[in-house]
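# Structural overview
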Amino acid sequence: MSDKPIPPEATDFLYGIASRRSFLRSAAAVAVSGGALAACSASDAQKANLTAKDASGGTTAPHPATHAATATSLSSAEQMDAMHEAGIKAFPAKTEGKGNQVLAPRVEKGVKVYELTAERIQWETEVGKKVEAWAYNGQVPGPQIRVKEGDRVRVILHNKLTESSSIHFHGVELPNDMDGVPFITQPPVKPGTSFTYEFTAPAGNQGSHMYHSHHNAAKQVGLGLLGAFIIEPKRPRKIEQVDVDYVMILNDGMHGYTINGKGFPATEPITAKLGQKVRVRFMNEGMMIHPMHLHGMHMTVIDKDGWAQPAPWKCDTLNVAPGERWDVIVNCNKPGVWAFHCHVLPHAESEHGMFGMVTALIVTRG
Amino acid sequence: MSDKPIPPEATDFLYGIASRRSFLRSAAAVAVSGGALAACSASDAQKANLTAKDASGGTTAPHPATHAATATSLSSAEQMDAMHEAGIKAFPAKTEGKGNQVLAPRVEKGVKVYELTAERIQWETEVGKKVEAWAYNGQVPGPQIRVKEGDRVRVILHNKLTESSSIHFHGVELPNDMDGVPFITQPPVKPGTSFTYEFTAPAGNQGSHMYHSHHNAAKQVGLGLLGAFIIEPKRPRKIEQVDVDYVMILNDGMHGYTINGKGFPATEPITAKLGQKVRVRFMNEGMMIHPMHLHGMHMTVIDKDGWAQPAPWKCDTLNVAPGERWDVIVNCNKPGVWAFHCHVLPHAESEHGMFGMVTALIVTRG
Amino acid sequence: MSDKPIPPEATDFLYGIASRRSFLRSAAAVAVSGGALAACSASDAQKANLTAKDASGGTTAPHPATHAATATSLSSAEQMDAMHEAGIKAFPAKTEGKGNQVLAPRVEKGVKVYELTAERIQWETEVGKKVEAWAYNGQVPGPQIRVKEGDRVRVILHNKLTESSSIHFHGVELPNDMDGVPFITQPPVKPGTSFTYEFTAPAGNQGSHMYHSHHNAAKQVGLGLLGAFIIEPKRPRKIEQVDVDYVMILNDGMHGYTINGKGFPATEPITAKLGQKVRVRFMNEGMMIHPMHLHGMHMTVIDKDGWAQPAPWKCDTLNVAPGERWDVIVNCNKPGVWAFHCHVLPHAESEHGMFGMVTALIVTRG
């Protein structure tokens, strides 16, 4: 399952819909719980509570000061709400390019071979917002690489940038000459040249790692030269036998606040069926902390930087610092569309609505 | 005890005093330890060490370069010290308004009912410093809500603001339609209207949670629409049977650096008697980390986001990130006034003295 | 071993060399691993991969778009690389002054006596970059103080500054009057005077602590009035019986991004022989987080703020927040020069090369 982060039926659920509006109506429909229906317009179950247009106050507890809300403020509140609504209705907004796609290796004499071409591209982070990116294989984040403990791996970097570069396999315990630090462990990979990294994925070093440039890195990683490098264990623990395995790369650099290279509402939801287990692999490639908060269900933290924690522990807000990886398990025991966002609120919401580091975990009854 | 964060005798100790100056003298008096008395003027036990006025050097180790300190620098040092002293002598400074007060519910047919009115107020964060706040029931933080596992709870939000709003119960695992995210799980609560949240406090979900706006939240939470939501366990663990249960909400937004809505010296001390156990529930509603440092005694961390850690662990500086809650226990085994502050020093001290995220744990012999 | 953070043979290895260039060549020589030699010029083992000068592409996978790299960009890339190389070749660059040196006490009637003189100095953080510092005994960080559980300790502060000051022993559980907070636990120590702190290093309070000014601290600590205060245990645990015991103090204030008072390439490498165990005691005296990333080998976290974690746990990137101390063990099982840096990349690298919070762990075959 790990090669298919989003199961096809969930993708159908999300994308096989006539319009954004009907999508969210569908999504909301799964959120029925105990008879009350969460809704996006004033015309349904909780209508009794909402009488905004005439400003006459809620029915449950009429409030004396209600009249203080003037027509003017209502009107400006309506305008703000309309912007907020439009953002959410647009989710997941379709943009050009998708990062973090699993890259299938070609196998040569038992070696898994991955080719990564670094070059400058235009990258759409939100609908209509294109930025300069330096990307591996035209993706931000770069392609997701998944190998297994003990695999022989070859990663060939083709540098089509105007600067030298290199790749550091962050968290992977390699021989020194494969460590990817120019002038310390190798020469820089000059523009127009290639460099081959070859190594065995170390036994015992399974888990969530990363690869990224280690040359002029504040700029090069900031512009997109980064990706997930996952070493799958030979013998998975019971706790990591999950239905959905999702890599979530956080960033905050020159492309704005992004999850897997996109800002809300162009971020990708995570989808699961009721009763399924989801593993989220948080990776921070930015320069700020991002305490990720999941609504509705807690997360069980199992790994730090690919290493098992002595005992799993629970939380709903997990602080992910630059360079860190944290793996968590979510038991999807509650249907609905659950907001999932950075809790540094200015990374997630403005007067114009939610943006940046916001996505959702959608648990369907399907 | 949990409904009375500060035991009355401690409150008497703090507030039932003739003057700020005598207060701190009293506080200092409890700090006697092994015969040496900590003091706030040059006229007591450690006087031998302090001969500032004539700049003749300490008696314990006369130092050749003493004469380098000119009268000019001494005078400016004296001015600085006077400002620092004035700040500390003013603690706890009386300001208008007190946030985070426990709100007693009204009980209707077995349901605990809480009414929260959101409206714009003026809030005094320090003596003489009034800021615009958006507050629940006129308090910043909003009233503290304490329910018990399994309780049926109704929270009625009356929106008297000029913007729509909503309440998200952060950390509480509710049905989706009670999750409080406009356009995803409910319509926004328009100005002049009310909205009713009703749910059962989930079994197993006890601990330190929060409630806050989830609409235009970077602004609305930044202005004060937040509060503590505590679910008390049906069967408390031995380690959480404490004498003082203190909620400490950290913030850093438009109101400056605050603890429970106030900046030092207007912050509230925590008080306990020698031998008592204090639980501190840290909650970060801001957008920066706040590594909270307690002087003199360590903290034993028991819970993260309301969930028990696999094993308690000790520290003296606990990094609290936005959205996180951490619960710690302090065994008050040392009398005295113990500084308790954020260790990002610019959040706690300036040339004019301590300010912002500073308070004290006062352990009395009483 | 704990009194000698860097074993003499390693120091010889690092400093007893004819030139910086030959140093790094030597260092690289230890990095031989499985026959491939990591190299710093185009003239060795991985030469086949590097054909930058003629821009004809790597030999392993000639790439069609190679020709896109123009002579212009190559030339500017070469200039950038030259700057990066120069920085690394300069490491460890010799600067005036060395902080964090272990201070031997004088013993008076069984009391370990340390004298600390606070005064304004010029401090060289990088070659040619002198800054104003406020320092203890002319060092930034101040001298490292190491005592043992149960030791009677006297620390005499001589204030030769133009401001009052004080010392707080951060993490050490002292009687209130030794806590070092002016106007709360003692009078400020005026310019030209001295103050004596005397206490017994508390049993059970062993580990990595700090001392620093607690008066006008955002400025005074920012300018350098800080140091390590280590309490060695009477009975060390097996896991802390190490070959190299290294204190790494992180800072980010007025002196720039520093490790033990210096910015790369003037930082000091940590050196160990293959098979040795290194303990790193991270201490953050700054105002930002610093997630420290070690290449090539993981770190086993044993202590937080001097207190044993319930169980050791592993990572390669450890987030250290202001005021925190974290102790880790590294089993040096892989030879080579391993980059060791803050993973907030703008704290570690610019267009001009690595700088600031970067050092290396050098594991020699010796």
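Whatever comes next refers back to the structure up there.
Overview of the structure.

### Overview of the sheet that holds strand β9 (residues 226–232) of chain C
Within a sheet, each strand pairs with its neighbour through backbone hydrogen bonds, oriented either parallel or antiparallel. All names here are of chain C. Judged by pairing direction, the sheet is mixed, and its 4 strands sit side by side in the order β4-β9-β8-β6 without closing on themselves. Edge positions in the sheet fall to β4 (145–148) and β6 (168–170), since each has one partner strand and no second. Neighbour to neighbour, the strand axes of the sheet diverge by 25° on average, direction disregarded. Where strand β8 (residues 207–212) and β9 come together, 6 bridges link them in antiparallel fashion. Paired with Y211 across the two strands is G227, which belongs to β9.

### Digging into the side chain of E173(B)
Mapping E173(B) onto the fold places it in the loop between β6 (168–170) and β7 (194–200). Here E173(B) occupies a buried position and makes no salt bridge, while the nearest side chain of opposite charge, K334(A), is found at 5.3 Å.

### Some points on the pattern of salt bridges
The final tally for this structure, using the stated rule, is 85 salt bridges over all chains. The closest approach of N and O atoms between D81(C) and K190(A), which form a salt bridge, is 2.7 Å. Taken as a pair, D81(C) in helix α3 (residues 71–89) and K190(A) in the loop between β6 (168–170) and β7 (194–200) lie in two separate chains rather than in one. With respect to class, D81(C) is no different from K190(A); both count as buried. Between D303(C) and R237(C) there is a salt bridge whose closest N-O contact spans 2.9 Å.

### Structural notes on the state of the cysteines
Note on terminology: a disulfide is the covalent bond linking the sulfur atoms of two cysteines. Enumeration over the complete set of coordinates arrives at 0 disulfides over all chains. Cysteine C342(A) remains unbridged, with the sulfur of C315(A) as its closest cysteine sulfur at 14 Å.

### Considerations on unusual backbone geometry
Put simply, F264(A) and P265(A) share a cis peptide bond, and its omega is 5°. If you trace the backbone, P265(A) turns up in the loop between β11 (258–259) and β12 (270–273). Following V140(C), the chain continues into P141(C) via a peptide bond in cis, with omega recorded as -5°. Structurally, the position occupied by P141(C) is in the loop between β3 (129–136) and β4. Positive phi, normally seen in glycine, also occurs at F183(A), with a value near 75°. Within the fold, F183(A) resides in the loop between β6 and β7.

### Some words on the sheet that holds strand β12 (residues 270–273) of chain C
Residue and element names in this part refer to chain C. Strand order in this open sheet of 5 strands is β12-β22-β19-β14-β17, and the pairing throughout is mixed. The sheet is open, and its two borders are formed by β12 and β17 (317–320), each paired with just one other strand. Within the sheet, the average angular offset between the axes of one strand and its neighbour, ignoring direction, is 20°. By the bridge criterion, 4 bridges tie β12 to strand β22 (residues 358–364) in an arrangement that is parallel. Paired with A272 across the two strands is V363, which belongs to β22.

### With respect to the pairing of strand β15 (residues 299–304) of chain B
Regular strands have side chains that alternate between both faces of the sheet. All names here are of chain B. Of all the 6 residues making up β15, 6 are buried; the element is thus mostly covered by neighbouring parts of the structure. Of the pairings in the sheet, the one linking β15 to strand β16 (residues 307–315) comprises 5 bridges and is antiparallel in character. Bridge assignment links K304 to a residue of β16, and that residue is W307. Connecting the antiparallel pair β15 and β16 is a turn made up of 2 residues, with D305 showing a positive phi of about 55°. With 4 bridges joining them, β15 and strand β18 (residues 325–331) adopt antiparallel strand pairing. Across the sheet, the residue bridging to D303 is D327, located in β18.

### Some words on the packing of aromatic side chains
Scanning the model with the defined rule gives 30 aromatic pairs over all chains in all. Geometrically, the ring pair formed by F195(B) and Y197(B) is tilted, given 4.8 Å between the ring centres and 55° between the ring planes. Y197(B) matches F195(B) in its accessibility class, with the two residues each being buried. Aromatic rings pair up to connect F169(A), F195(A), Y197(A), F199(A) and F229(A) into one cluster. Across the ring face of W123(A), the terminal group of K262(A) is positioned such that the distance to the ring centre comes to 4.3 Å. In this arrangement the basic side chain of K304(B) is found over the ring face of W326(B), its NZ or CZ atom lying 5.2 Å from the centre.

What counts, and at which threshold
- Residues numbered from 1 in each chain as written.
- Chains lettered and ligands numbered in written order.
- Predicted model: local features only at pLDDT ≥ 70, side-chain atom pairs only at ≥ 80, totals over all residues.
- Heavy atoms only, no water.
- Pairing = 2+ DSSP bridges.
- Helix = DSSP H or I, 4+ residues; strand = E, 2+ residues; numbered from the N terminus.
- Axes fitted to C-alpha atoms, helices over the stretch in contact; angles between N-to-C directions.
- Buried < 20%, exposed > 50% of the residue type's maximum accessible area, 1.4 Å probe, protein only.
- Lys, Arg positive; Asp, Glu negative; His and termini not counted.
- Salt bridge = Lys/Arg side-chain N within 4 Å of Asp/Glu carboxyl O.
- Disulfide = S-S within 2.5 Å.
- Phe/Tyr/Trp six-rings, centres within 6.5 Å; stacked < 30°, edge-to-face > 60°.
- Lys NZ or Arg CZ within 6 Å of the ring centre and 35° of its normal.

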